[in-house]
Amino acid sequence: MDVSHLLDRLNDAQRQAVTAPVAPTLVLAGAGSGKTRVLTHRVAWLVEVENVSPHAILAVTFTNKAAGEMRGRIEAMLDLPAAPLWVGTFHGIAHRLLRIHWREAGLPQTFQILDSEDQLRVLRRLVKSLELDESRWVPREVQWFINAQKDEGLRPSALKDDGDPTRRQLIALYAAYQETCDRTGVVDFAELLLRVFEMWQQDAQLRAHYRGRFRHVLVDEFQDTNAIQYAWLRALTGSEGTPFVVGDDDQSIYRWRGARVENLARFQRDFPGTQLFRLEQNYRSTGNILAAANGLIRHNSGRLGKNLWTSGERGEPVRLYAAYNERDEAEFVLSRIREWREQGGALRECAILYRSNAQSRVFEEALMSARMPYRVYGGLRFFERAEIKDALAYLRLIFNRADDASFERIVNLPTRGIGQKTLDAVRDYAKSNACTLWEAAGATIAELGPRGGASLHGFLALVEQLDRDSRALPLHEQVDQVIAASGLLAHYRKDKGDRGEVRVENLEELVSAARGFDAEDVEELSPLASFLSHAVLESGEGQAGEWEDGVQMMTLHSAKGLEFPVVFLCGLEDGLFPHQRSVTDVAGLEEERRLCYVGATRAMRQLWLTYAEQRRLHGADSYGAPSRFIREIPEELIEEIRLRIQVSRPVRVAGRRGPIEEAVGGVRLGQRVRHGKFGDGVVLGLEGQGSHARVQVVFERQGTKWLMLAYANLEPL
DNA sequence: CGTGGGCGGATTTTT
DNA sequence: TCCGCCCACG
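Residues numbered from 1 in each chain as written. Chains lettered and ligands numbered in written order. Predicted model: local features only at pLDDT ≥ 70, side-chain atom pairs only at ≥ 80, totals over all residues. Heavy atoms only, no water.

**Some remarks on the protein's contact with DNA strand C**
The environment of DNA strand C is formed by Arg361, His618 and Gly619. Within 4 Å of the protein, the contacting atoms of DNA strand C are 27% sugar and phosphate, with bases supplying the remainder. One of the backbone nitrogen or oxygen atoms of His618 is found 3.5 Å away from a base nitrogen of DNA strand C. Within the backbone of Gly619, an N or O atom sits 3.4 Å from a sugar or linking oxygen of DNA strand C. (Near = heavy atom within 4 Å. Polar contact = N/O pair within 3.5 Å; in protein donor to acceptor, adjacent residues only side chain to side chain.)

Spelled out as structure tokens, the structure:
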């Protein structure tokens with residue numbers, strides 16, 4: 001059989017991994033080393049050479065985007081629809097299994113998925129109803145606690161309070177929350193995985209069935225798996241299984257949300273005879289950029305070990321710019337982008353990466369006033385918009401009357417005279433009778449006053465009628481009907497300004513989305529149910545105009561997996577990056593370093609590092625020392641840019657200079673001074689203290705400048 | 001019932 | 001500084 005089309009575009013290491021015998025396999029794949037290519041080729045190899053039925057293959061990723069990409073590439077390679085092949089996210093696959101095995105999993109057939117926002121609302125409600133102090137039991141923190149437990153595979157009954165009253169209360173909240181979810185037929189994201197895991201654990205027959213079926217499980221980004229995902233994989237494959245996993249310990253940046261890098265090392269222990277492959281040849285970046293990234297990541301301990309190399313050119317040096325403040329930083333980046341464009345480059349080839357979202361504003365302002373198009377990643381996504389979630393809540397309630405979260409959301413939207421008092425009565429009834437809000441509403445109407453009772457009755461009747469009227473309609477007409485007849489559309493039309501307009505447009509867009517929705521044919525699932533799950537699991541891209549040329553802006557986290565010819569790593573100041581809250585322990589600092597490594601390895605041709613000596617943060621000025629990460633990059637690879645003359649101090653000066661207070665004493669407002677380069681001038685401003693003190697000097701020939709006093713070497717005249 | 005002012009808090013994000 | 005949340009008022 002001719003397999004050359006499977007192999008001829010692979011290098012040696014890639015080829016070895018792709019053609020490895022069927023056995024547990026771990027591929028350590030550095031940034032830009034062709035990880036996805038190896039995965040997709042492996043699938044093709046299994047099908048075409050090992051004669052594996054696509055039916056027996058399960059490929060798992062973390063994001064829908066990655067899953068979609070992989071599916072597309074596999075289909076293209078195999079030249080056949082990949083339908084029998086399961087490709088998806090952990091959550092997507094778990095959902096699919098639960099739809100098939102809802103009985104075995106102990107779920108109602110109509111179960112719905114709770115997204116994080118819904119989950120938070122449920123918890124807020126719960127904390128209130130238990131009359132707990134919300135400042136002591138912050139819903140967000142409770143949410144964090146619960147999800148962390150689920151990610152570890154732990155149920156409330158498995159938790160011990162160790163005599164700690166705080167923990168005891170959290171466990172109680174977890175238990176109460178779970179009861180609420182079970183009663184109302186909703187599952188949160190973590191629950192999807194946990195349910196399937198438990199189902200496999202308890203049902204030997206089912207487990208055997210899936211072990212027999214999915215003989216070939218492939219996992220991407222394995223360093224991002226958490227405890228339950230790992231347990232899930234082991235339950236599915238058993239000790240005899242032959243999973244093929246790909247990952248990079250150096251790119252593990254999600255420890256804070258439960259990811260366990262150790263899973264990479266653990267894999268080798270848990271699957272004896274694991275074949276290990278390393279992909280170290282990088283096809284993305286220039287030699288200098290790679291050397292810088294390697295130099296940086298070398299400072300981490302406990303790595304599995306890997307050194308990226310390239311056969312390409314060394315390229316330009318990595319460049320460093322010490323900005324005076326955050327606006328100067330933005331201006332600098334802007335002018336470099338202009339240069340790139342003047343040389344024929346496209347804006348979309350430039351990416352501005354930062355540690356935290358708050359940093360984007362200054363760049364946006366600068367880009368906007370320069371009329372340079374840009375795109376910020378990571379805003380609110382389509383299915384997360386309030387008006388969309390309102391419409392979905394109607395649909396969900398129509399589908400499942402027990403969905404309390406949806407009930408709460410829309411019972412009085414648009415306002416229909418169902419106030420706090422009415423709702424309290426309903427909630428009380430539901431609580432004491434352990435029933436759903438829907439049932440409680442029906443039961444309490446009689447006890448309520450005529451006004452509240454009538455309103456509530458009106459709401460119940462509305463939902464029933466929507467259900468009756470739209471049940472037989474095709475999905476998009478059903479959606480259309482519901483947003484119109486519920487009064488939602490009219491409600492948002494009344495919103496003043498263009499905000500209302502946008503919302504109406506979004507609702508109309510929802511109808512289009514429903515029209516274009518291609519229901520996966522999962523057994524026993526109606527198009528509506530399928531659409532609702534899709535909306536939660538794939539909340540959709542945030543912004544339009546993806547194809548317009550524009551500067552790309554995003555956090556370092558969201559840059560993972562992407563590449564750009566020109567990359568600006570901004571805000572490299574201790575305290576900001578590495579972030580203040582991560583430097584208290586070694587593990588946190590190492591994760592920050594990996595984040596920096598991820599950022600650097602996004603760059604193909606040019607890598608720019610910038611930091612600001614002064615930064616306005618949370619309304620106050622802060623002064624951060626240059627990030628330690630800058631110092632960790634081999635000096636000879638970096639070229640420091642100085643546009644202004646000596647405003648910045650050289651980063652590589654080890655410590656700070658001697659007692660600066662003396663210098664402060666030597667300068668007063670109005671004093672005439674002499675500067676080595678700027679000549680004579682007058683001090684007009686003094687700001688800051690100690691090593692951060694700055695002076696504003698009006699020079700006779702060079703105009704007004706702010707200088708760091710400690711390094712300006714001013715000579716009093 | 002909806003809005004506006006006061007208050008506190010302010011990594012990172014996917015599903 | 002800015003945003004989101006809560007409560008009080010119209």
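**Details of the packing of helix α20 (residues 450–470) against helix α21 (residues 475–485)**
Packed helix pairs are characterised by how far apart their axes lie and by the angle those axes make with each other. The N-to-C vectors of α20 and α21 enclose an angle of 155 degrees; their axes lie 10 Å apart at closest approach. With respect to each other, α20 and α21 are oriented roughly antiparallel. Every pair of crossing elements has a handedness; the one defined by α20 and α21 is right-handed. Each of Leu462, Leu466, Asp469 and Ser470 in α20 lies in contact with α21, whose residues at this interface are Gln478, Gln481, Val482 and Ala485. (Axes fitted to C-alpha atoms, helices over the stretch in contact; angles between N-to-C directions. Helix = DSSP H or I, 4+ residues; strand = E, 2+ residues; numbered from the N terminus. Parallel < 35°, antiparallel > 145°, perpendicular 65-115°, else oblique. Left-handed = near helix turned anticlockwise from the far one by under 90°. Contact = heavy atoms within 4.5 Å.)

**As for helix α16 (residues 386–399)**
Here α16 is 14 residues long and its end C-alpha atoms lie 20 Å apart, about the 20 Å a rise of 1.5 Å per residue gives. The buried fraction of α16 amounts to 12 of the 14 residues, a majority that puts the element mostly inside the structure. Along α16, the residues classified as buried are Glu387, Ile388, Lys389, Asp390, Ala391, Leu392, Ala393, Tyr394, Leu395, Arg396, Leu397 and Ile398. (Expected span 1.5 Å × (residues − 1). Buried < 20%, exposed > 50% of the residue type's maximum accessible area, 1.4 Å probe, protein only.)

**Overview of the protein's contact with DNA strand B**
By nearness alone, 29 residues border DNA strand B, and Ser116, Arg355, Thr415, Thr555 and Ser582 come closest of all. Taking the atoms of DNA strand B that fall within 4 Å of the protein, sugar and phosphate contribute 53% of them. The contact in question runs from a base oxygen of DNA strand B to an N or O atom on the side chain of His91, over 3.5 Å. Ile418 places a polar main-chain atom, nitrogen or oxygen, 3.5 Å from a phosphate oxygen of DNA strand B. The residue makeup of the surface near DNA strand B, split by class, is 6 nonpolar, 17 polar and 6 charged. (Nonpolar A, V, L, I, M, F, W, Y, C, P; charged D, E, K, R; others polar.)

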